[in-house]
Amino acid sequence: MSVTEQTAAATEELEVWIDQDLCTGDGICAQYAPEVFELDIDGLAYVKGPDDELRQQPGETAPVPLTLLQDVVDSAKECPGDCIHVRRVADRVEVYGPDAE
């Protein structure tokens, strides 16, 4: 992704979700962005909403606060399970993660 595309993505509303079928339970995401990710009792990572509640339904998303964007992106890049997906809310196109263009 070019710098221009990264800048454009940073100004748009983004959401994140985790594919628990691929999650290794490594916890890197929760180390990078504990405000957004948390390991549950089942050992898998989930996203947290603004209410701090885990989003446990498959494909359930949480907003990515602009102040935490770099931490969320780093989580997606470092995830050994390649299970973190960050997409634009407007068109649902993945901008970071295994399916990013």
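All values reported here derive from a predicted model rather than from experimental measurement.

Next up on the list: the overall build of the protein chain. Within the protein chain one finds 3 helices and 7 strands. The N-to-C order of helical and strand elements in the protein chain reads α-β-α-β-β-β-β-α-β-β. Scored against the burial criterion, the 101 residues of the protein chain give a buried share of 40%. Taking all contacts inside the protein chain whose residues are at least 6 apart in sequence as the whole, residues at least 24 apart take part in 55%. Per element, the accessible surface of the protein chain, about 5700 Å² overall, is 47% carbon and sulfur.

Attention now goes to the pattern of salt bridges. A complete count under the given rule lists 6 salt bridges for this structure. The partner of Arg88 in a salt bridge is Glu12, and the shortest N-O contact between them spans 3.9 Å. Taken together, the residues Arg88 in strand β6 (residues 84-88) and Glu12 in the loop between α1 (3-11) and β1 (14-18) connect sequence positions 76 residues apart. Classification of Arg88 as buried rests on a relative accessible area of 18%. A salt bridge links Asp51 to Arg55; its shortest N-O distance comes to 3.1 Å. What makes Asp51 partly exposed here is its relative accessible area of 45%. Since its relative accessible area comes to 18%, Arg55 is described here as buried.

Next up on the list: the nonpolar core. Counting 23 residues, the largest nonpolar core has Val16, Ile18, Phe37, Val72, Ile84 and Val86 as the members making the most contacts within it. Counting residues per element, the ones that place at least two in this core are β1, β3 (45-48), α3 (69-78), β6 and β7 (94-96). Sort the elements by how many residues they give to this core and α3 lands first, with 4 residues.

The next subject is the side chain of Arg55. Along the chain, Arg55 falls in strand β4 (residues 54-55). Separated by 3.1 Å, the side chains of Arg55 and Asp51 make a polar contact. If sequence neighbours within four positions are ignored, Arg55 has contacts with Tyr46, Val47, Gly49, Pro50, Glu60 and Thr61.

An order of β5-β1-β6-β7 is seen for the 4 strands of this open sheet, with the pairing classed as antiparallel. Looking along the sheet, the strands with just one partner apiece sit at the ends: β5 (62-63) and β7. Here β6 pairs with β7 via 2 bridges, running antiparallel. Looking at the pairing, Arg87 lines up with Glu94 of β7. Sheet contacts for α3: β1, β6 and β7; angle to β6, the most-contacted strand, approximately 135°.

Calculation rules
- All residue numbers refer to position in the chain's written sequence, counted from 1.
- Two thresholds apply to this predicted model, a pLDDT of at least 70 for residue-level local features and 80 or more for giving and counting side-chain atom pairs, whereas whole-chain, interface and lining totals are computed over all residues.
- Think of the side-chain values as coming from all heavy atoms in the structure, minus any hydrogens and water.
- The way it works is that DSSP assigns letters per residue, a run of H or I at least four long becomes a helix, a run of E at least two long becomes a strand, and they are numbered from the N terminus.
- When a residue's accessible area, from a 1.4 Å probe over protein chains only, is under 20% of the maximum for its type it is buried; when over 50% it is exposed; and in between it is partly exposed.
- Working rule for contacts: check all heavy atoms of both residues, and any pair within 4.5 Å makes them a contact.
- Note on areas: Shrake-Rupley, 1.4 Å probe, and residue coverage restricted to the protein chains presented here.
- Within this document, salt bridges are pairs made up of a side-chain nitrogen of Lys or Arg and a carboxyl oxygen of Asp or Glu, the two lying within 4 Å of each other.
- Put simply, buried Ala, Val, Leu, Ile, Met, Phe, Trp, Tyr and Cys residues joined by side-chain atoms within 4.5 Å make one nonpolar core.
- Whenever two N or O atoms come within 3.5 Å, that pair is a polar contact, provided that in protein one can donate a hydrogen and the other can accept it, and provided that, for residues adjacent in sequence, both atoms are side-chain atoms.
- Strand pairing follows a simple DSSP-based rule, namely that at least 2 bridges must link the two strands.
- A fitted line through C-alpha atoms represents every axis, and for helices the fit uses only the stretch in contact; the resulting angles, taken between N-to-C directions, go from 0 to 180 degrees.

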